[in-house]
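Tertiary structure, described
Given next are the chains, with one letter for each unit.
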Amino acid sequence: MKGGDVSSISPLVSFVLGAAMATVCVLFFMSASPTRRLADISAFSTGNGTQEGLHLASAANHDNGVADGDTPAAEVVTATPAPAPAPAQAPSPWGDLEEVLQRAATKDRTVIMTQINAAWTRPGSLLDLFFESFRNGEGGVARLLDHLVIVTMDPAAYEGCQAVHRHCYFLRTSNGVDYRSEKMFMSKDYLEMMWGRNRFQQTVLELGYNFLFTDVDVMWFRDPFRHISMAADIAISSDVYMGDPYSLRNFPNGGFLFVRSSAKTIDFYRAWQQGRWRFFGKHEQDVFNLIKHEQSAKLDLAIQFLDTTYISGFCQLSKDLNKICTLHANCCVGLGAKMHDLRGVLDVWRNYTAGTPDERRAGKFQWKLPGICIH
């Protein structure tokens with residue numbers, strides 16, 4: 001080989017040997033500290049300075065709690081934080097209907113309902129008498145208060161309800177009627193209130209709840225549910241009872257009304273609401289009486305009229321205190337007249353419950369007659 005050839009090969013050999021030495025150094029460095037990041041390799045391969053690469057790797061190890069030259073047990077993985085939950089919506093100050101119904105309902109989704117305004121919640125007014133009748137009743141009737149929803153027509157009534165009862169609901173209306181005061185029978189505001197009540201009852205059925213609606217001027221002495229037939233789609237009290245519970249000749253009173261939630265009863269309520277305009281100016285109770293024949297036939301609806309011996313009222317008064325379950329101040333106009341006669345009713349009932357079994361069986365206790373309305 002000529003001397004010129006040797007001199008031309010020497011630079012090539014030098015380059016190969018240099019590259020090999022550099023590779024050996026890199027491999028030795030990586031084997032000594034396997035946690036070095038890609039930044040280390042990048043620093044070596046780009047020739048940007050070995051010291052800068054070492055500094056980056058060392059800082060990364062210190063951030064992970066690993067000293068230089070140590071091998072961590074496992075790579076630290078930082079979890080992505082979960083998004084913050086949406087702020088909870090503030091509950092309505094007047095209560096939510098479905099929540100109130102669910103809380104008050106029995107296992108078979110039945111609630112008892114009454115409706116009041118501010119005039120009937122004042123101390124010593126009808127609501128107090130209503131509660132007193134339950135508490136002085138027999139056969140555990142007081143326990144039914146656990147299933148009572150009081151529907152209030154104005155904010156003052158709602159506040160009054162909350163002071164004395166667990167299950168209160170404020171029924172908002174948009175018809176412009178001020179419900180705080182007493183509404184005279186058959187006045188425009190009275191009819192608005194009655195038809196609004198009827199529409200609310202339909203809503204309860206549509207939510208899948210059965211209900212027993214009771215006016216607040218109904219005194220409860222014993223459990224009335226035992227007189228409501230399981231076969232009845234609707235059971236309604238009677239102003240005049242003819243003796244046959246399924247005869248449509250009976251005259252209904254909507255102040256004490258049980259309805260089982262079903263497609264049939266919801267359709268009946270729709271027809272009932274439409275009847276407001278078919279028979280314009282009529283009370284909802286009168287419209288019930290006008291449509292009961294056609295709708296019971298059309299919908300195959302079983303309507304039970306409740307016997308006034310047990311579910312009684314001033315219109316057709318039961319005088320047997322051993323059998324009576326409820327007593328309604330119907331056929332009586334005016335809050336003052338109702339209050340007067342119902343106080344007398346409760347006085348007699350207290351004397352009756354304090355009597356001996358023999359005195360009670362003998363019929364010693366009778367209503368104070370006549371009153372302003374009771375006769």
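Please refer to the structure placed before this passage.
The structure contained in this document is the topic of the report that follows. (Residues numbered from 1 in each chain as written. Predicted model: local features only at pLDDT ≥ 70, side-chain atom pairs only at ≥ 80, totals over all residues. Heavy atoms only, no water.)

1. Details of the overall build of the protein
- Looking only at helices and strands, one finds 11 helices and 10 strands in the protein.
- Here the protein holds 375 residues, and the buried ones make up 45% of them.
- Accessible area for the protein stands at about 19,400 Å²; split by element, carbon and sulfur atoms hold 58% of it. (Helix = DSSP H or I, 4+ residues; strand = E, 2+ residues; numbered from the N terminus. Buried < 20%, exposed > 50% of the residue type's maximum accessible area, 1.4 Å probe, protein only. Areas by Shrake-Rupley, 256 points an atom, 1.4 Å probe, with all protein chains shown as cover.)

2. Concerning the side chain of S125
- By the secondary structure assignment, S125 is in the loop between β1 (110-116) and α5 (126-135).
- Given the relative accessible area of 8%, S125 is considered buried.
- Setting aside residues no more than four positions away along its own chain, S125 makes contact with A119, W120, L335 and M339. (Contact = heavy atoms within 4.5 Å.)

3. Digging into the environment of M242
- Its location among the elements puts M242 in the loop between β6 (234-240) and β7 (251-259).
- Separated by 63 residues in sequence, M242 and F305 have C-alpha atoms that sit 9.2 Å apart.
- If we ignore the near neighbours within four places in the chain, the residues touching M242 are R249, N250 and F251.

4. Some thoughts on the nonpolar core
- Membership of the largest hydrophobic core comes to 52 residues, with the highest contact counts inside it found for W220, F221, F314, L327 and W367.
- Listed by contribution, the elements that provide at least two residues to this core are β1, α5, β2 (148-152), α6 (155-164), β3 (168-170), β5 (218-220), β7 and α10 (335-354).
- The element best represented in this core is α10, accounting for nine residues.
- In terms of nonpolar packing, the next biggest core, distinct from the first, is built from 39 residues, L97, V100, M193 and F213 among them. (Core = buried A, V, L, I, M, F, W, Y, C linked by side-chain atoms within 4.5 Å.)

5. Let's talk about the packing of aromatic side chains
- Tallied over the full model, the rule gives 17 aromatic pairs.
- Aromatic rings pair up to connect F130, F131, F134, W220 and F256 into one cluster.
- The ring of Y209 carries R109 above its face, with NZ or CZ at 4.0 Å from the centroid.
- The ring of F251 has K292 sitting right over it, with the charged end atom 6.0 Å from the ring centre. (Phe/Tyr/Trp six-rings, centres within 6.5 Å; stacked < 30°, edge-to-face > 60°. Lys NZ or Arg CZ within 6 Å of the ring centre and 35° of its normal.)

6. So, the state of the cysteines
- In the structure shown here, the tally under the stated rule is three disulfides.
- Each sulfur of the disulfide joining C161 and C168 lies 2.0 Å from the other. Because the sign of the S-S torsion sets the handedness, a value of about -85° for the bond joining C161 and C168 places this disulfide among the left-handed ones.
- For C168, a relative accessible area of 4% corresponds to the buried category.
- Residue pairing for C332: its cysteine sulfur links by disulfide to C373, the two sulfurs lying 2.0 Å apart. Taking the sign of the torsion about the S-S bond as the criterion, the disulfide between C332 and C373, at about 65°, is right-handed. Here C332 is found in the loop between β10 (326-328) and α10, whereas its partner C373 is found in the segment after α11 (357-361), with 41 residues between them in sequence. (Disulfide = S-S within 2.5 Å.)

7. As for the sheet that holds β7
- Strand order in the open sheet made by the seven strands is β3-β2-β1-β4-β7-β6-β8, with mixed pairing throughout. Because the sheet does not close on itself, it has two edges, and the strands there are β3 and β8 (303-305). Averaged over all neighbouring strand pairs, the angle between strand axes comes to 35°, with direction disregarded.
- Sheet analysis places β1 next to β2, joined by five bridges and oriented parallel. Paired with M113 across the two strands is V149, which belongs to β2.
- This element, helix α8 (residues 263-278), spans β4 (210-214), β6 and β7 of the sheet and lies at about 140° to β7. (Pairing = 2+ DSSP bridges. Axes fitted to C-alpha atoms, helices over the stretch in contact; angles between N-to-C directions.)

8. Topic: α10
- When the terminal C-alpha atoms of α10 are compared, their 29 Å separation across 20 residues agrees well with the 28 Å that a helix rising 1.5 Å per residue should span.
- Of the positions making up α10, those classed as buried are L335, A337, K338, M339, D341, L342, G344, V345, L346, V348, W349 and Y352.
- Next to the buried residues of α10 lie α5, β5, β10 and α11. (Expected span 1.5 Å × (residues − 1).)

9. Points about the layout of surface pockets
- Quantified by volume, the second largest pocket comes out at close to 260 Å³.
- Together, 14 residues line the second largest pocket, and T106, D108, T110, F225 and F258 are the ones closest to its centre.
- Class assignment of the residues belonging to the lining of the second largest pocket gives a composition of six nonpolar, five polar and three charged. (1 Å grid on protein atoms, 1.4 Å probe; cavity = no way out; pocket = protein on both sides within 12 Å on 5 of 7 lines; lining within 4 Å. Points joined across faces, edges and corners; volume = space filled by probe spheres on them. Nonpolar A, V, L, I, M, F, W, Y, C, P; charged D, E, K, R; others polar.)

10. Remarks on the pattern of salt bridges
- According to the stated counting rule, one finds 17 salt bridges in the structure shown.
- Of the charged contacts in the structure, one is a salt bridge between K338 and D217, with a shortest N-O distance of 2.6 Å. Of this pair, K338 sits in helix α10 while D217 is found in the loop between β4 and β5, placing the two residues 121 residues apart along the sequence. Both residues of the pair, K338 and D217, belong to the buried class.
- Taken together, the shared-partner salt bridges in this structure form one network comprising E132, D347, R350 and K368. (Salt bridge = Lys/Arg side-chain N within 4 Å of Asp/Glu carboxyl O.)

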